[in-house]
Structures are given as structure tokens and as C-alpha cells.
Amino acid sequence: MDFLVKTGQLDNLRTDCLIVQIYGDKSLSAAAKFLDTRYGLVSRVLQLNDLTLKAGHYSWLLPPENAPFKRVLLVCVGAKAESLSPQEIKNTAAAVAKALKNKPVKNAVWSVENAPAGSAKLFATLIAEAFVTHFYSYRETKTQNLTTPALAKLTLHTREKTDSSWRNGLQLGKALGEGINTARHLGNLPGNVCTPSYLAKQAQTLAGGKLNVSVLDEKQLTKLGMGAFLSVAAGSEEPAKFIIMQYRGAAASVQPTVLVGKGITFDTGGISIKPGPAMDEMKFDMCGAASVLGVMTTLQRLQPRINVVGLIVATENMPSGRATKPGDVVTSMSGQTIEILNTDAEGRLVLCDALTYAERFKPKAVIDIATLTGACVIALGNHASGLFANDQALADELLAAGVAAQDRAWQMPLWDEYQKGLDSNFADMANVGGREGGSITAACFLSRYAKAFKWAHLDIAGTAWVGGGGKGATGRPVGLLLQYLLGIYN
Ligand code: BES
Ligand code: MN
Ligand code: ZN
């Protein structure tokens, strides 16, 4: 989708759809006023009480045939023109995008002239992001009932000549939306397409310029001593991959942030096999990895002056004659031994070796992103990702980033008391605690591999995808991560 900014008179702006704004206090944007004066379009709607004056509610209006716009979408943006919130803009942009998705509208002009001072860039970002993400539709493995939205161009119309804020915001929002869509798309792909090798290929396709990508195979992982990671891969015919993506936008001396993504391309549970219902959703068990690829996609578009390393641990978790069994003891790259009491607690096993590997980058901070525990879904539902950290300043930054990006996390405790749950009679630790506090003991396990740096863990089991009729990956927490890295929304 193309985004443009245009300034000047509305009179002869030819478009399939003109979008004009109204506010909760019944006041009209200049464009809406103009339409009303010229065609009497808006006050009729208000007289009829047809429009709920809340952010995202809208009415379709038909101007006379000789008007340069074929349709008008009158949309309520929020309570008051002077104090619109990012939440209101995001909701409005989402509603407008959805309204346009099902219409034969090839181009649209959104008259945004009344954005409060100083927020033009933020508004443009939110609008472009909403359009890019709402116009994504999954097509890859469908031959029928494909939806092909018509909209190819959205122009933001401003009355007065403006600085580059609107334009910059649009570019930012577009890059952000594309990163989010990358994460969603990889998540949505079935496990027989999106294998560890496929993820590695996608990473390599992104490489170039400031982004260097290398992929380690099982032989190299054996040499590194990644016994925990390899114990998960043992049951699968698909070769495991360790993907290293280095984005270098700043001097080599600038310490990087390291992102570590859980990339289980299908989680059967292994020998501790999962029950049947909804097992298909375990194709989403690589959404942490997908979020790392999403972030890297946006960084490649924006080329910011920062250093970021993305590590992806990719494998299937399968039962077979060669699979790891409950009671098996393995040695992690850190040297610590692990008694695997449940092969379905595989995420922490792949992540712990990646955390040890992360030490070599002398990171400023390490953030792992993982669909780690069903217990986190029970604790927080679908609205917040679980956040655990060994450094409160890092936790606070990530929480704030989640709020700003409208992609929130909620901090969970990482107290020593919970560590006891991992005691083992036969190894340095077990890979599971009890059922109680399951997301916390999982984080406690990871914390034992994250002592050398500031570390945070995002459990996205509840937020990375939605089930039910609208089943699909959400692209979370790409927004949170990019806000943390780049401060996009402020
Ligand atoms: N990938 C799952 C976590 C998961 C389950 C995410 C359901 C979303 C929905 C993870 O590998 C897993 O199986 N975790 C186990 C851990 C348990 C065996 C300690 C779980 O949560 O049941
Ligand atoms: Mn599992
Ligand atoms: Zn899993």
C-alpha cells in the first residue's frame, strides 16, 4: 500500500472515498464542515441521530454525482479535537481500514487537518500501521475464497502546508506494520511449510546491508555443546537450526540488545505428548522467533543507528524412537545438567542454550520472547504478555514500551522462593516445577542461564495468536519490542 500526503483545497480532489472527521462533542473537522456547507451532508446524519459519537464509529454518505469524491466516510475520531488519545486514533484507523477493506475503493483521501499540535507524526504512524496490518490477509496455502482488497493508496490531506511529520509518520507506521505482518504471516504458516529450514531461509532473505545472517546446523550445535537444544530436536526428522541475525546500525563498540526467539515450528509435546484438541495451534509455537524476524524486517526498512542481535532457536518437538524420554539427563551449553521430567517443557530447553550463546555479544540487555507456558495464559489471558526480568529498570522500560505501543505486558515475580520447584535428585535442575505458578518456574529455569547480563523474558503464550473463528497470529509483541528499541510512538 502507498501512503501520500497532500495539501490544498478539497474541492477538486478526485478520490473513490473521502474520509472526514467528527468528534464526540459534535464538532466537525474543517473538511466535514466544508462538505456540510457545500452538500448539506453531515447535519442530516446528526439530525437523524445515526452516528454514535465514539472513536471508530462511522457513517457512509453519498455525495451528489458531480462531486469529485464518489463516497464519503464520516468517522468519529474521538471525544475532542484538541485532545485525541493514541488509543482513539488506533481504534479509528482500524475501523476505517476495516470499512474500506470490503469496498471496491482503490484510493482514499483522509482529511486529517485537525490533528492536535505535535501529534501529527504519531497519528500518521498509527494510521499507516493500522492500514498495513488490517489489509493483511493470509493467502499462502489457499486457492479458494481469497479476499483481494482493492485499496492501493491512502492520501492524508492536510489543509496547511506542514513539515515532514506526517510523511515521516507514514513511513514509520508502514515499516512497523510490515514487521508485524511478517511475524503474523510466519506464525500462520502451517508446520509442514514453516520448518526450521524455512525460518532460516526467511532470515537469509532479509540479509544484506547492515544485517548479517548466519545459520548453524546440528553438527555445529553439537560442537558448541548445546545439549539441551539438541535434546529437543532429537525426535524430529527436520534438521534443527540456530539462526544468528546481526543488525549493525551503530559503531561496533556500541553494545547490542539481543533478542532470543523460541522457534518450535511444531510442538507435539514429544514423548510427553499433548492431548489432541487444538493441537494444531502448536504450529504457533514459533511466534517468538517470528517476532524476532518481524523486528528485523522493520529495522531493515528503517535503518536506525542501533545494534541488535536476533537469535532464533528453531526445531520441531516430536516423539520418535530417537526422542528424548522423561528422566533423561542432558548437559546444557552452560555446563549445567538438566533432568527432563517432561518433554513438553521444551521451550526452556532450547532457550537456555541460546541465552548462554548470547553472552558472547556482551549485550546491553537480552530479551527472550517465547510461547512458553499454558500457565501464563491462565494467569493473564489474552491481553497481556507475561514479563519477567532480573533487572527492574529493564522491566520498567519494557512495561512502558508496551503501554506506548498498545501491546502491553504485565510483570510477574521471579522470587527465589519459586526456584526450589526445580530441584532434581539426578541433575543440577529439573526442567519442570509443579503445575502451580508454572509460568514463574519456567522463567526461574531461564534465569539460571541469564546471570551474565540484564535479562527479560516475555511469555507470549496468550498474546501471540488468537484461537476460535478468527484464528491467527497477532504479531505481538513486535510493537512492544520496536517501541523499546526505537521509541516509535513518542
Ligand atoms: N508451547 C507450550 C506452551 C503453550 C501451551 C502455549 C498452550 C500456548 C498454549 C509449551 O512448550 C508447553 O507445552 N508448556 C507446558 C509446560 C509444562 C509441561 C510444564 C505447558 O504449559 O503445559
Ligand atoms: Mn511444549
Ligand atoms: Zn512449546
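Above: the structure in question.
Per-chain numbering applies: the sequence of each chain, read as written, is numbered from 1 onward. Lettering for chains starts from A, numbering for ligands starts from 1, and both go in the order in which the items are written. Owing to the predicted nature of the model, reporting of local features is limited to residues with pLDDT of at least 70; listing and counting of side-chain atom pairs is limited to 80 or more, with chain, interface and lining totals taken over all residues. Calculated side-chain values reflect all of the structure's heavy atoms, with hydrogen atoms and water omitted.

## Thoughts on the packing of helix α5 (residues 165-188) against helix α9 (residues 287-302)
Look at α5 against α9: their axes get within 8 Å of each other, and the N-to-C directions meet at 155°. Classified by the angle between their axes, α5 and α9 sit roughly antiparallel to one another. The way α5 lies across α9 gives a crossing that is right-handed. In this structure, α5 contributes Q171, L172, A175, L176, E178, G179, T182, A183, L186 and G187 to the contact, and α9 contributes C287, A290, S291, L293, G294, T297, T298, R301 and L302. Between N-to-C directions, angles cover 0 to 180 degrees, with each direction set by a line fitted to C-alpha atoms, over the stretch in contact for helices. Labels follow the DSSP assignment, with helices taken as runs of H or I lasting at least four residues and strands as runs of E lasting at least two, numbered in each case from the N terminus. Just so you know how the angles are binned, under 35 degrees is roughly parallel, over 145 roughly antiparallel, 65 to 115 roughly perpendicular, and the rest oblique. A crossing counts as left-handed when the near helix is turned anticlockwise from the far one by less than a right angle, and as right-handed when that turn is clockwise. Here, two residues are considered to be in contact whenever any of their heavy atoms come within 4.5 Å of each other.

## Here's the deal with the site of ligand 1
The nearness test applies per residue and asks whether one of its heavy atoms lies within 4 Å of the molecule or strand. Ligand 1 sits among 16 residues. The nearest are K274, D285, D344, E346 and G374. One of the side-chain N or O atoms of K274 is found 2.8 Å from an oxygen atom in ligand 1. Each polar contact in these results corresponds to two N or O atoms within 3.5 Å; when the atoms are within protein, one needs to be able to donate a hydrogen and the other to accept it, and residues that are neighboring in sequence are counted only if both atoms are side-chain atoms. Residue G374 places a main-chain N or O atom 2.7 Å away from an oxygen atom belonging to ligand 1. Isolated, ligand 1 exposes 520 Å² of accessible area, and the fraction of that covered by the protein chains is 77%. In the scheme used here, Gly and all other residues not listed as nonpolar or charged are polar, with Ala, Val, Leu, Ile, Met, Phe, Trp, Tyr, Cys and Pro taken as nonpolar and Asp, Glu, Lys and Arg as charged. Here the residues of the shell around ligand 1 are counted per class, giving five nonpolar, four polar and seven charged. Using a 1.4 Å probe, the Shrake-Rupley method yields the accessible areas, and only the shown protein chains count as cover for residues.

## Things to note about the coordination of the zinc ion (ligand 3)
Surrounding the zinc ion (ligand 3) are the protein donor atoms K262 (NZ), D267 (OD), D285 (OD) and E346 (OE), which sit 2.0 to 2.4 Å from the metal. Only nitrogen, oxygen and sulfur atoms qualify as donors, and only when within 2.8 Å of the metal (3.2 Å in the case of Na, K and Ca); with water excluded, sites may look incomplete. Under this scheme a four-donor centre is tetrahedral when all angles range from 85 to 135 degrees, a four-donor centre is square planar and a six-donor centre octahedral when opposite donors are above 155 degrees with the rest from 65 to 115, and any other centre is irregular. For the zinc ion (ligand 3), the six donor atoms in the first shell make angles of 79 to 175° at the metal, so the coordination geometry reads as octahedral. Positions of the donor residues of the zinc ion (ligand 3) along the chain correspond to the pattern K-x4-D-x17-D-x60-E. In this structure, the zinc ion (ligand 3) lies 3.1 Å from the manganese ion (ligand 2), and both are coordinated by D267. Of the two residues, K262 sits in strand β9 (residues 257-267) while D285 sits in the loop between β9 and α9, which places them 23 residues apart along the sequence.

## Overview of the side chain of T297
You can see T297 is positioned in helix α9. Partly exposed residues are those whose accessible area sits between 20% and 50% of the maximum for their type, while under 20% is buried and over 50% is exposed, using a 1.4 Å probe and protein chains only. Its relative accessible area of 4% is what places T297 among the buried residues. Separated by 2.7 Å, the side chain of T297 and the backbone oxygen of L293 make a polar contact. If we ignore the near neighbours within four places in the chain, the residues touching T297 are E178, G179, T182 and L206.

## Focus: α9
What a helix is expected to span follows from its residue count: subtract one and scale by 1.5 Å. Helix length check: α9, at 16 residues, gives a terminal C-alpha distance of 22 Å against a target of 22 Å (1.5 Å per residue), a fit within 8%. Here α9 lies mainly inside the structure; 14 of its 16 residues are buried. Looking one or two residues past α9, Q303 carries a phi angle of roughly 50°, positive in sign.

## Observations regarding the coordination of the manganese ion (ligand 2)
Six octahedrally arranged donors around a metal ideally form angles of 90 or 180 degrees; four tetrahedrally arranged donors ideally form angles of 109.5 degrees. D267 (OD), D344 (O), D344 (OD) and E346 (OE) make up the full set of protein donors to the manganese ion (ligand 2), lying at 2.1 to 2.2 Å. Given six donor atoms and angles of 71 to 169° at the metal, the environment of the manganese ion (ligand 2) is assigned as irregular. In the primary structure, the donors to the manganese ion (ligand 2) are separated according to the pattern D-x76-D-x1-E. Of the residues examined, D344 reaches a relative accessible area of 22% and is grouped as partly exposed.

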